[in-house]
Every structure is written in structure tokens, then in C-alpha cells.
Amino acid sequence: MSDIHSTRAPEAVGPFPHAKRVGDLLFLSGIGPRTRGSKAIPGVTLAPDGSIESYDFDVQCRACIENVRTVMEDSGVPFENIVDVLCFLTDMKRDFKAFNRIYGEHFAGDGKPNPTRTTIEVGSLPTPIAVELKVIARV
């Protein structure tokens, strides 16, 4: 077993690694659309009181997938080796259609991983984000 700590992906929001390799599998911790070294979240504008003033779900979703790609690269495992994705959305009704479209651009089709997937709605995530991905890949 080995822990992977990316120097390019956003810092973890708790005491855990970005990923853990166990045998022939790589388990990524939940990855959101945050930016390394900053409190900024792509696609999110916060009000002075810390509440969400506005957000662009497409921007968040793309940043989230790019952060997954970064952790995969830093783990030495090709993005195409993803076998399962657990998706968390904070508003399924509002965001599911856009999520499916953007997800398909990166995960479905020729030369893309086409993993199994589960998408669930959650009441909130640890930071003011609307999407987070949990990934398992074959090493």
C-alpha cells in the first residue's frame, strides 16, 4: 500500500492522501473543483459572508475532472484506466443534465475509460462546491 500526495492538485480538506495504491488498484479520495494554494473555487463567487453568490456548474464540473486527471497523472496511472466513478451532486434536479453532458465528453466514447458510475445527491460537500468525484482505477 502506498499513499499518493499530488503537488499539483488542490490540497486535501482533511488528513488524507489524494490517492492510495493497493495492489493493482488506485483509489482516489473525493476530488472537487478547488484550486491548489487558494481558497478560490473555479465557477464559484462567494458573498462576503461566505455563502454562494453565484456559480457556473459547467466550470466547476470541468475543473473537477481536470483535478482527477492531475491526481491520476501524479499517480502514474493513465486516465483511461478509470474503472468506477462515484459522483456527488448537491442539486441533482438542477445539475444532472449538464453533468451528464460534460461527463460524457471525458469518460464515454472511443478511447475514453467508460467506467461504471453511480451518481448521488448530497445535502452539501465540505467546501462550497456543487460536484465531487470519487474514482477507482486499474494500475
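What counts and how
Residues numbered from 1 in each chain as written. Predicted model: local features only at pLDDT ≥ 70, side-chain atom pairs only at ≥ 80, totals over all residues. Heavy atoms only, no water. Pairing = 2+ DSSP bridges. Helix = DSSP H or I, 4+ residues; strand = E, 2+ residues; numbered from the N terminus. Axes fitted to C-alpha atoms, helices over the stretch in contact; angles between N-to-C directions. Contact = heavy atoms within 4.5 Å. Disulfide = S-S within 2.5 Å. Buried < 20%, exposed > 50% of the residue type's maximum accessible area, 1.4 Å probe, protein only. Polar contact = N/O pair within 3.5 Å; in protein donor to acceptor, adjacent residues only side chain to side chain.

Asker: I would appreciate a short explanation of the pairing of strand 8 (residues 131–138) in the present structure.
Answerer: In the case of a regular strand, side chains alternate between the two sheet surfaces. Pairing of strand 3 (residues 25–28) with strand 8 involves three bridges; the strand directions are antiparallel. By the bridge assignment for strand 8, leucine 25 is matched with arginine 138. Two elements, strand 6 (residues 82–89) and strand 8, share seven bridges in a ladder whose sense is antiparallel. Bridging across to strand 8, valine 85 finds its partner in valine 135.

Asker: So what exactly am I meant to see when it comes to the sheet that holds strand 6 here?
Answerer: Strand-to-strand pairing in sheets goes through backbone hydrogen bonds, with the strands running parallel or antiparallel. Judged by pairing direction, the sheet is mixed, and its six strands sit side by side in the order 1-2-3-8-6-7 without closing on themselves. Of all the strands in the sheet, the pair left with one neighbour each is strand 1 (2–4) and strand 7 (116–121). With strand direction ignored, the average angle separating the axes of adjacent strands in the sheet is 15°. Docked against the sheet, helix 1 (residues 57–75) engages strand 1, strand 2 (19–22), strand 3, strand 6 and strand 8, running at close to 30° with respect to strand 8. Lying over the sheet, helix 2 (residues 92–107) contacts strand 6, strand 7 and strand 8, oriented at roughly 160° with respect to strand 7.

Asker: For this particular structure, what's the right way to read the state of the cysteines?
Answerer: Put plainly, a disulfide is one covalent bond tying together the sulfur atoms of two cysteines. Applying the stated criterion across every chain, the model contains zero disulfides. Between cysteine 87, a free cysteine, and cysteine 61, which holds the nearest cysteine sulfur, the sulfur-to-sulfur gap is 8.4 Å.

Asker: In this structure, what is going on with unusual backbone geometry? I would like to understand it.
Answerer: Glycine aside, residues mostly have negative phi, and peptide bonds are mostly found in the trans state. Notably, asparagine 114 is not glycine yet its phi reads approximately 50°, a positive angle. Examined against the element boundaries, asparagine 114 turns out to sit in the loop between helix 2 and strand 7. Residue classification places asparagine 114 among the exposed positions, given a relative accessible area of 56%.

Asker: Help me understand the side chain of asparagine 67 in this model?
Answerer: Along the chain, asparagine 67 turns up in helix 1. The buried category is assigned to asparagine 67, whose relative accessible area is 11%. Within the local environment of asparagine 67, its side chain forms a polar contact with the backbone oxygen of arginine 34, the two atoms lying 3.0 Å apart. Here asparagine 67 is in contact with Pro10, Ile31, Gly32, Pro33 and Arg34, once residues within four sequence places are set aside.

Asker: How do you make sense of the environment of glutamate 80 when you look at a structure like this?
Answerer: Tracing the chain through its elements places glutamate 80 in the loop between helix 1 and strand 6. Expressed as a C-alpha distance, the spacing of glutamate 80 and arginine 69, which sit eleven residues apart in the sequence, is 9.7 Å. Discounting residues that sit within four places of it in the chain, glutamate 80 has contacts with Gly111 and Pro113.

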